[in-house]
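The lines below spell out each chain.
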Amino acid sequence: MVKPTKLTNSIKDLRTLHGLTQADLADAVGVTRQTVIAIEQGKYSPSLEMAFQISRVLGSRLEDVFHYPD
């Protein structure tokens, strides 16, 4: 069983705002659609490199895409 992460994100909102599907984002970042789904649902934390890639594709700052509780 995979332990959920404390890291939350705004990927789905930002992705839909830009008119991107999960498959579009996955292709742009070089991962599978299933990986994007797992990240959006908080079941998987991306590597730092992947987090930066996602942020760039979404045209947002890293802090606006990913959130970690205080």
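The structure we're discussing is the one just above.
**Considering helix H3 (residues 33-40)**
The complete set of buried residues in H3 reads Val36, Ala38, Ile39 and Glu40. Considering only its buried residues, H3 is in contact with strand E1 (8-9), helix H1 (11-17), helix H2 (22-29), helix H4 (48-57) and strand E2 (66-67). Positive phi appears at Gly42, one or two residues downstream of H3, with a value of about 75°.

**Some remarks on H2**
Along an α-helix, residues three or four apart share an orientation, since each turn contains 3.6 residues. Inspection of H2 places Gln22, Leu25, Ala26 and Val29 among the buried residues, and these make up the whole buried set. What you see down the axis of H2 is that its buried residues fit within an arc of 100°, all on one side. Buried residues along H2 sit in contact with H1, H3 and H4. Downstream of H2 by one or two residues, Gly30 has phi in the positive range, about 90°.

**Topic: the pattern of salt bridges**
By the definition in use, this model includes three salt bridges. Glu40 serves as the salt-bridge partner of Arg15, at 2.6 Å between the closest nitrogen and oxygen. On the criterion of sequence distance, the pair formed by Arg15 in helix H1 and Glu40 in helix H3 is long-range, its members being 25 residues apart. Considered together, Arg15 and Glu40 belong to a single accessibility category, that of buried residues. The closest approach of N and O atoms between Arg61 and Glu63, which form a salt bridge, is 3.9 Å. Linked through salt bridges whose partners overlap, the residues forming this network are Arg61, Glu63 and Asp64.

About the criteria used
- Residues numbered from 1 in each chain as written.
- Predicted model: local features only at pLDDT ≥ 70, side-chain atom pairs only at ≥ 80, totals over all residues.
- Heavy atoms only, no water.
- Buried < 20%, exposed > 50% of the residue type's maximum accessible area, 1.4 Å probe, protein only.
- Helix = DSSP H or I, 4+ residues; strand = E, 2+ residues; numbered from the N terminus.
- Contact = heavy atoms within 4.5 Å.
- Arc of directions from axis to C-beta.
- Salt bridge = Lys/Arg side-chain N within 4 Å of Asp/Glu carboxyl O.

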